[in-house]
Amino acid sequence: MTALRFTPLTLTNGLTFKNRLVVPPMASQTANENGLATDKTFSHYHNLALSGAGLVMVEYSHVNLAGRSEKNQLGAHDDACLPGLTQIASTLHNAGVKTGLQITHCGGKDSAGISCDIMGPSGITVPAYDRVLPTPRAVTLDDINQWQQDFVAAAIRADKAGFDLVEIHCAHGYGINQWLSPLANQREDEYGGNLENRARILIEIVTQIKQVAPRLAVMTRIPGQDGYPGGLTHADMAQVSQWLVTAGVEILNISSGIGGWNRPKDKRGEGFLVEDAAPLTGKTTAAVIGVGGIESVDYIETILATSQVDLVAVGRAILAGPVEFAHKVMQG
Ligand SMILES: Cc1cc2nc3c(=O)[nH]c(=O)nc-3n(C[C@H](O)[C@H](O)[C@H](O)COP(=O)(O)O)c2cc1C
């Protein structure tokens, strides 16, 4: 019998992954100061393709200079980024893997003082366990319009560059997470207040991307919950997932929320976020990705066999040695 990890998966838009292994987006910080990919970026992704994963995601790429949070962050904010993005996508395609570009706006989570205009839904400082973030200004309706245009323009660039999918980063306390979360979004207009209003900016972005780039699959990296007192709950995210899929999302990549992507202190062992993904698996037509400290073939096979997730993301264990990981996965 074929091991489950080698079973192909076809999304509702027809895009097929050759297996169930995913390299999640991981910032390589190899872009130049203008957000353009460099030779280091190309060789980084060439190496990640050697892991054997069927889908290699490309790191968070800012949609606007105001949404940039790291000095050497990759950009998707300008057509000048297109040649580099095209080369990354073709490097991965030539290695026989599918690829997607993660696009992001940091909102009020700019730890490095890089953003040219730090703003968030309500001008509330984003809570964080490990750092003190600056206080952002509250966005205006014009800013909301700009955010939406920027995400859509970045998705069009991902399409032109030849990526198979685009992923909207809605997790880890960054911009769209701030919109979804009651901790950071306390607006009183149609973009704040109840969950439906807090999800509005995201659902509108997804809807627009589907209209202008129908070839692209759309993935959202969402928190299974905020992991912060008073934040998004599992029930909230089950509802948001339904809205996302109705708007056209084909993959839900489940990670953590306002608390950041690191392992929560009380979680031991492999798959520290899989229990946040499992309640969403099979509930919609979207494929669900689980993540968090996964490294063994036994664990990967177990969560696939028990239908806790459809796809398994392995980050640091692949970063540490893509070729070694490929050998382990082939033999296991
Ligand atoms: C160096 C590094 C950079 C990361 N950059 C991103 C990123 O750009 N976007 C994102 O959504 N997550 C990012 N993450 C989180 C990973 O995608 C993943 O969720 C996390 O590493 C947990 O998986 P793991 O335990 O298999 O490494 C990053 C993680 C690491 C280690």
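Residues numbered from 1 in each chain as written. Predicted model: local features only at pLDDT ≥ 70, side-chain atom pairs only at ≥ 80, totals over all residues. Heavy atoms only, no water.

A look at the pattern of salt bridges
Okay, step 1: Applying the stated criterion to the full structure yields nine salt bridges.
Okay, step 2: Arg-187 is the salt-bridge partner of Asp-189, the closest N and O atoms lying 2.7 Å from each other.
Okay, step 3: A residue is classified by how much of its surface remains accessible, and Asp-189, at 24% relative accessible area, is partly exposed.
Okay, step 4: Residue Glu-250 is joined to Lys-210 by a salt bridge in which the shortest nitrogen-to-oxygen separation is 2.7 Å. Here the residue Glu-250 occupies a position in the loop between α6 (234-247) and β11 (251-255), and Lys-210 occupies one in helix α5 (residues 195-212), the gap between them amounting to 40 residues. (Salt bridge = Lys/Arg side-chain N within 4 Å of Asp/Glu carboxyl O. Buried < 20%, exposed > 50% of the residue type's maximum accessible area, 1.4 Å probe, protein only. Helix = DSSP H or I, 4+ residues; strand = E, 2+ residues; numbered from the N terminus.)

Quick notes on the packing of aromatic side chains
Okay, step 1: Applying the stated criterion across every chain, the model contains four aromatic pairs.
Okay, step 2: Consider the rings of Tyr-60 and Tyr-174, whose centres lie 5.5 Å apart with planes at 65°: the pair is edge-to-face. Taken together, the positions of Tyr-60 in strand β4 (residues 55-62) and Tyr-174 in the loop between β9 (165-169) and α4 (175-180) put the pair 114 residues apart, joining distant regions of the chain. Neither residue differs from the other here; Tyr-60 and Tyr-174 are each classed as buried.
Okay, step 3: Here the aromatic cluster, defined as three or more aromatic residues joined through ring pairs, consists of Trp-147, Trp-179 and Tyr-191. (Phe/Tyr/Trp six-rings, centres within 6.5 Å; stacked < 30°, edge-to-face > 60°.)

Examining the site of the ligand
Okay, step 1: Close contacts around the ligand come from 16 residues, with Pro-25, Ala-27, Gly-293, Gly-315 and Arg-316 the closest.
Okay, step 2: In the model, an oxygen atom of the ligand is placed 3.2 Å from a nitrogen or oxygen of the Tyr-60 main chain.
Okay, step 3: Gly-315 is positioned with one of its backbone polar atoms (N or O) 2.8 Å from an oxygen atom of the ligand.
Okay, step 4: Of the residues contributing to the shell around the ligand, the split by class is eight nonpolar, six polar and two charged. (Near = heavy atom within 4 Å. Polar contact = N/O pair within 3.5 Å; in protein donor to acceptor, adjacent residues only side chain to side chain. Nonpolar A, V, L, I, M, F, W, Y, C, P; charged D, E, K, R; others polar.)

Here we look at the packing of helix α1 (residues 39-49) against helix α2 (residues 82-94)
Okay, step 1: The geometry of α1 relative to α2 is characterised by a closest axis approach of 9 Å and an angle of 20° between their N-to-C directions. Our classification of the angle between α1 and α2 gives roughly parallel. The handedness of the crossing between α1 and α2 is right-handed. Only Gly-84, Gln-87, Ile-88, Thr-91 and Leu-92 of α2 make contact with α1, whose side of the interface consists of Thr-41, Phe-42, Tyr-45, His-46 and Ala-49.
Okay, step 2: Here the residues of the contact of α1 with α2 are counted per class, giving five nonpolar, five polar and no charged. (Axes fitted to C-alpha atoms, helices over the stretch in contact; angles between N-to-C directions. Parallel < 35°, antiparallel > 145°, perpendicular 65-115°, else oblique. Left-handed = near helix turned anticlockwise from the far one by under 90°. Contact = heavy atoms within 4.5 Å.)

Notes on the nonpolar core
Okay, step 1: Membership of the largest hydrophobic core comes to 80 residues, with the highest contact counts inside it found for Leu-85, Ile-88, Ile-103, Phe-163, Ile-168, Ile-176 and Leu-252.
Okay, step 2: Other than its neighbours up to four places away in sequence, Ile-168 contacts Ile-103, Phe-151, Ile-176, Leu-202, Ile-205, Val-206, Ile-209, Val-218, Met-219, Thr-220 and Arg-221.
Okay, step 3: Listed in part, the 18 residues of the second largest apolar core include Leu-55, Phe-272, Leu-311 and Ala-313. (Core = buried A, V, L, I, M, F, W, Y, C linked by side-chain atoms within 4.5 Å.)

Here's the deal with the environment of Leu-304
Okay, step 1: As for its placement among the helices and strands, Leu-304 is situated in helix α8 (residues 297-305).
Okay, step 2: On the basis of relative accessible area, Leu-304 is assigned to the buried category, the value being 9%.
Okay, step 3: Here the alpha-carbon distance between Leu-304 and Thr-281, two residues 23 residues apart in the chain, equals 11 Å.
Okay, step 4: Not counting residues within four places of it along the chain, the set of residues in contact with Leu-304 comprises Leu-4, Arg-5, Arg-20, Val-309, Asp-310, Leu-311 and Val-312.

Points about the environment of Gly-96
Okay, step 1: Within the element layout of this structure, Gly-96 appears in the loop between α2 and β6 (98-104).
Okay, step 2: We classify Gly-96 as partly exposed; its relative accessible area is 43%.
Okay, step 3: As for Gly-96 and Ala-155, which are separated by 59 residues in sequence, their C-alpha atoms are 22 Å apart.

Details of the side chain of Ser-256
Okay, step 1: Inspection of the secondary structure assignment puts Ser-256 in the loop between β11 and α7 (274-277).
Okay, step 2: From its side chain, Ser-256 meets the backbone oxygen of Gly-260 in a polar contact 2.8 Å long.

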